[in-house]
Amino acid sequence: MFTPDTDRRLVRARMTILALILITLLVVGLAAALAIANFRTTTTPPPGGTGPSNPAAPGKVTTLEPEPTPEPGWDVVAQKKLALRPMLRLPAEAAQPHALSPQAGPELKIPEASHTAGVWIPGGFPGTPGGALAQLKTADETGLRGGDPAVYDRAYTEIALPGAPAVDRTGLHTLLSTFRMRAGIASGEPKPGLTVTYDVTHGQVKGTTDQGRYAVVCVLGILTFDYNGQSTSMGVGDCQAMRWIGAAWRISTGNQAAMAASAWPGSAESVQAGYRSLGGIPR
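Computed from a predicted structure; not experimentally measured. (Residues numbered from 1 in each chain as written. Predicted model: local features only at pLDDT ≥ 70, side-chain atom pairs only at ≥ 80, totals over all residues. Heavy atoms only, no water.)

A. Layout of the overall build of the protein chain. Summing up its helical and strand segments, the protein chain has six helices and six strands in all. Along its sequence from the N terminus, the protein chain presents helices and strands in the succession α-α-β-α-α-α-β-β-β-β-α-β. The 283 residues of the protein chain split such that 47% are buried. Taking all contacts inside the protein chain whose residues are at least 6 apart in sequence as the whole, residues at least 24 apart take part in 69%. About 13800 Å² of surface is accessible on the protein chain, with carbon and sulfur atoms providing 60% of the total. (Helix = DSSP H or I, 4+ residues; strand = E, 2+ residues; numbered from the N terminus. Buried < 20%, exposed > 50% of the residue type's maximum accessible area, 1.4 Å probe, protein only. Contact = heavy atoms within 4.5 Å. Areas by Shrake-Rupley, 256 points an atom, 1.4 Å probe, with all protein chains shown as cover.)

B. Main features of the nonpolar core. Judged by nonpolar contacts, the single largest core of 39 residues is most densely connected at Leu133, Leu144, Tyr152, Tyr198, Val217, Leu223 and Met242. Contributing elements (two or more residues each) for this core: strand 1 (108-110), helix 3 (129-144), helix 4 (149-158), helix 5 (171-183), strand 2 (194-209), strand 3 (214-227), strand 4 (230-244) and strand 5 (249-251). Discounting chain neighbours no more than four positions away, the residues touching Leu133 are Leu108, Ile110, Gly203, Gln204, Val217, Cys218, Val219 and Leu278. (Core = buried A, V, L, I, M, F, W, Y, C linked by side-chain atoms within 4.5 Å.)

C. Expanded view of the pairing of strand 3. For strand 3, the buried fraction is high: 12 of the 14 residues fall into the buried class. Here strand 2 pairs with strand 3 via 14 bridges, running antiparallel. Along strand 3, the bridge assignment pairs Thr195 with Asp226. Linking strand 2 to strand 3, which pair antiparallel, is a turn of four residues; within it Asp210 sits at a positive phi near 55°. Hairpin geometry of strand 3 and strand 4 is characterised by an intervening segment of two residues between the two adjacent antiparallel strands and by a positive phi of about 50° at Asn228. (Pairing = 2+ DSSP bridges.)

D. The arrangement of helix 5 in detail. Between its first and last C-alpha, helix 5 extends 18 Å over 13 residues, near the 18 Å set by a 1.5 Å rise per residue. Taken together, the buried positions of helix 5 are Gly171, Leu172, His173, Thr174, Leu175, Leu176, Thr178, Phe179, Arg180 and Ala183. (Expected span 1.5 Å × (residues − 1).)

E. Main features of the state of the cysteines. Counted according to the given criterion, the structure contains one disulfide. Cys218 shares a disulfide with Cys239; S-S distance 2.0 Å. Measuring handedness by torsion sign, the sulfur bridge of Cys218 and Cys239 sits at about 105° and is right-handed. In this pair, Cys218 is assigned in strand 3 and Cys239 in strand 4, connecting sequence segments 21 residues apart. Side by side, Cys218 and Cys239 carry an identical accessibility label, which is buried. (Disulfide = S-S within 2.5 Å.)

Structure below.
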């Protein structure tokens, strides 16, 4: 005999099952997204480029990297070399939660935003590599909140210079688009009970050129999906080439930075990849 209590238990059981199913889809989708994002941003065209006489292999995404166009006052050849230098490749398992390393190294200090009122993405960071890292951290945390590629695209565009690499070629756009597709959630579609957050805890400065006005920086954070109390998390990295334009850091024109290493923050793999924990610089 069914009672109101029985009905409530059945409803809760169904909700738990649905949550577990969605979380499973998210885990599978996110793992696939990391693999696809890595593939899309690291494949290179065959010699001679692509075209009618030298087409790309069927089903293979290729990235055509043109020769740098000289810019007065900027060393674009050095920028290209820095941006394209490969980062450490890690297996997908490295992004899963696991033990932390006791050899994390010294904390990397980054500044706080000075422009926060009335803006969606805080800014006002100084023209230092740490300022570039802080700007990318703020933009990525804002853009990934909710797990919607359309929101990330808006955040990327807001801090990108005209002529910067297309957002749909970035690893984070590919990751979000793929996980939503695998989970059966359309871009821009709200999913009641689902929350997505990205908390950057680690980072690194890959290098600089042009007297520090051009910097390739990488962030590493925990991307968490929660659906009605059932959650899963993974470590996700992002590298961008940033340019100082005199008052702010922006994603630079030119070559897209090589794919970041994704590892669980603080793990041995993250240390091996060069990440350090982030801390604020006192005002």
